Amino acid sequence: MSDIALTGEVLPAATESIERPLSEADLAALRRSVRALEQPGLAARLSAAAGAPLDMIGRSLPAPVTEAVGRSTEAAMRGALRVALKTLPKVAVAPAAGTAVEGVAAKAEGGLGGLLGSLTGSSTFNHKALAALSGAFGGAFGLATLAVELPVSTTLMLRSIAEIAREEGEDLDDPEGALACVQVFALGGKTDAAAGGAGADGTGLVESGYFAVRAALAKTMAEAVRYAGSKTLLDQSAPALIRFTAQIAARFGIVVSQKVAAQAVPLLGAFGGAAVNTAFMGHFQSMARAHFTVRRLERTYGPATVRAAYEVEKVTLGVA
């Protein structure tokens, strides 16, 4: 404590903020988030959907397939970023009533959730049903459809992610909130040196715990947020946005490879493709709920308090 003299009175001034422990309800929500983020189990979901363990399918895909996955993943991430950025307010001055600019501003007013909501409706079930349809298409026609199916399913997932973010109190008109939705695609689950090569984030690191991924993305995320927040017309070829998209795509591509491997099971067909895509959608819905729960708690209790509680829960769950 230090004392401040003010108009003849001496008032105590706290030099340290008092940390408030998480409520029981918030602690339970954090515990669910830790379990989802640190033990995601995507391989188990995909194995069950495909009817065969991924180890039996094979850990490595042929080079042409890997290249196709990489191209499709990058295209899907560019599309997701384009959708997210289109929802941000781009007009700094109030337009006159009835002008074309006013119409553009009105469309952006609904934010990311509003724009995508007009395309797909809402609810977790609807999103899974639409993902199943796109997966059935992919399962029926094979790898040749990946360049079409993956951007479609990624946009559907972004819609669901945005709805979850809004439910957790995220401001989707804020560049950080909109880009945090795209960031969820980097939270696909644990990777290793074999899967991620020199590091899925391009930094040479293979750590994949939740806060490790956020730390790896922090710089490019901050650059992208600053650019999106300072420009009235957003150029998606801007270096800040390219770096952000590339980092997300590198991590997302690992789980897309798992999805493609699951769909490569002989005779999987349209029904199996639908099951794989439903599992894929469910996985990222779980990631989004956990991610935005952590962000909500950080806004309430502060990042340091939530991080400390998170680490305690990791130990309790026995997660390395």
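Residues numbered from 1 in each chain as written. Predicted model: local features only at pLDDT ≥ 70, side-chain atom pairs only at ≥ 80, totals over all residues. Heavy atoms only, no water.

## Notes on the overall build of the chain
Counting secondary structure elements, the chain contains 14 helices and 2 strands. Across the 320 residues that make up the chain, the buried fraction comes to 48%. If you take every contact in the chain between residues at least 6 apart in sequence, the share linking residues at least 24 apart comes to 78%. With an accessible surface of roughly 15,500 Å², the chain has 61% of that area assigned to carbon and sulfur atoms. (Helix = DSSP H or I, 4+ residues; strand = E, 2+ residues; numbered from the N terminus. Buried < 20%, exposed > 50% of the residue type's maximum accessible area, 1.4 Å probe, protein only. Contact = heavy atoms within 4.5 Å. Areas by Shrake-Rupley, 256 points an atom, 1.4 Å probe, with all protein chains shown as cover.)

## Structural notes on the side chain of Arg-214
Mapped onto the secondary structure, Arg-214 falls in helix α11 (residues 210-230). Within the local environment of Arg-214, its side chain forms a polar contact with the side chain of Glu-298, the two groups lying 3.1 Å apart. In this structure, Arg-214 is in contact with Gln-183, His-291, Val-294, Arg-295 and Glu-298, ignoring residues within four places of it in sequence. (Polar contact = N/O pair within 3.5 Å; in protein donor to acceptor, adjacent residues only side chain to side chain.)

## A few points about the packing of aromatic side chains
With the rule as written, the count across this model stands at 8 aromatic pairs. Between Tyr-210 and Phe-211, the aromatic rings sit 5.0 Å apart at their centres with planes inclined by 70°, giving edge-to-face as the arrangement. The exposure class of Tyr-210 is buried, given its relative accessible area of 1%. On the basis of relative accessibility, which here comes to 11%, the residue Phe-211 falls in the buried class. A cation sits over an aromatic face here: Lys-259 above Phe-280, 5.7 Å from the ring centre. (Phe/Tyr/Trp six-rings, centres within 6.5 Å; stacked < 30°, edge-to-face > 60°. Lys NZ or Arg CZ within 6 Å of the ring centre and 35° of its normal.)

## Observations regarding the packing of helix α4 (residues 63-86) against helix α12 (residues 239-263)
Where α4 meets α12, the axes come as close as 8 Å, and the angle between the chain directions of the two elements is 130°. The angle between the axes of α4 and α12 places the two elements in the oblique class. When you trace α4 past α12, the crossing you get is right-handed. Where α4 abuts α12, its residues Val-65, Val-69, Thr-73, Glu-74, Met-77, Arg-78, Leu-81 and Leu-85 lie against Leu-241, Phe-244, Thr-245, Ile-248, Ala-249, Phe-252, Gly-253, Val-256, Ser-257 and Val-260. Of the residues that constitute the contact of α4 with α12, the class distribution is 12 nonpolar, 4 polar and 2 charged. (Axes fitted to C-alpha atoms, helices over the stretch in contact; angles between N-to-C directions. Parallel < 35°, antiparallel > 145°, perpendicular 65-115°, else oblique. Left-handed = near helix turned anticlockwise from the far one by under 90°. Nonpolar A, V, L, I, M, F, W, Y, C, P; charged D, E, K, R; others polar.)

## A word on the environment of Ala-228
If you trace the backbone, Ala-228 turns up in helix α11. For the pair Ala-228 and Leu-179, spaced 49 residues apart in sequence, the C-alpha to C-alpha distance is 9.2 Å. Non-local contacts of Ala-228, meaning those with residues more than four positions away in its chain, are made with Leu-85, Leu-88, Pro-175 and Leu-234.

## Quick notes on the side chain of Glu-223
As for its placement among the helices and strands, Glu-223 is situated in helix α11. Overall, the relative accessible area of 18% leaves Glu-223 in the buried class. Those residues within four positions of Glu-223 in sequence are excluded, and the remaining contacts are Ala-240 and Arg-243.

## A short note on the environment of Phe-185
As for its position among the elements, Phe-185 is in the loop between α9 (175-183) and α10 (193-196). Its relative accessible area of 0% is what places Phe-185 among the buried residues. Between the C-alpha atom of Phe-185 and that of Met-287, which follows or precedes it by 102 residues, the distance is 8.5 Å. Each residue touching Phe-185, except ones within four places of it in the same chain, is listed here: Met-77, Ala-80, Thr-154, Met-157, Leu-158, Ile-161, Ile-248, Arg-251, Phe-252 and Phe-284.

## A look at the environment of Phe-211
Counting through the fold element by element, Phe-211 comes out in helix α11. Taking C-alpha positions, Phe-211 is 8.4 Å from Arg-307, a pair spaced 96 residues apart along the chain. Ignoring anything within four residues of it in the chain, the contact list for Phe-211 reads Val-294, Glu-298, Arg-307, Tyr-310 and Glu-311.

## Some thoughts on the pattern of salt bridges
Scanning all chains against the criterion turns up 13 salt bridges. When the shortest N-O distance is used, the salt bridge between Arg-296 and Glu-168 registers 2.6 Å. Residue Arg-296 is located in helix α13 (residues 269-301), and its partner Glu-168 is located in the loop between α8 (146-167) and α9; the two are separated by 128 residues in the primary sequence. Since its relative accessible area comes to 24%, Arg-296 is described here as partly exposed. (Salt bridge = Lys/Arg side-chain N within 4 Å of Asp/Glu carboxyl O.)

## As for the packing of α4 against α8
Contact geometry of α4 with α8 gives a least axis separation of 9 Å together with a crossing angle of 35°. Along this stretch, α4 crosses α8, giving a crossing that reads as right-handed. Facing Ala-68, Val-69, Ser-72, Thr-73, Ala-76, Met-77, Ala-80 and Val-83 of α4, the residues of α8 in contact are Leu-146, Ala-147, Leu-150, Pro-151, Thr-154 and Leu-158.

## Some words on helix α1 (residues 24-38)
In this model α1 runs 21 Å from its N-terminal to its C-terminal C-alpha over 15 residues, within 8% of the 21 Å that 1.5 Å per residue would give. Three or more residues of α1 are buried, namely Asp-26, Ala-29, Leu-30, Ser-33, Val-34, Ala-36, Leu-37 and Glu-38. Projection of α1 onto a plane perpendicular to its axis shows the buried side chains occupying an angular sector of 165°, all on one side. Exposed side of α1, more than 90 degrees from the buried face: Glu-24, Ala-25 and Arg-32 are the residues found there. (Expected span 1.5 Å × (residues − 1). Arc of directions from axis to C-beta.)

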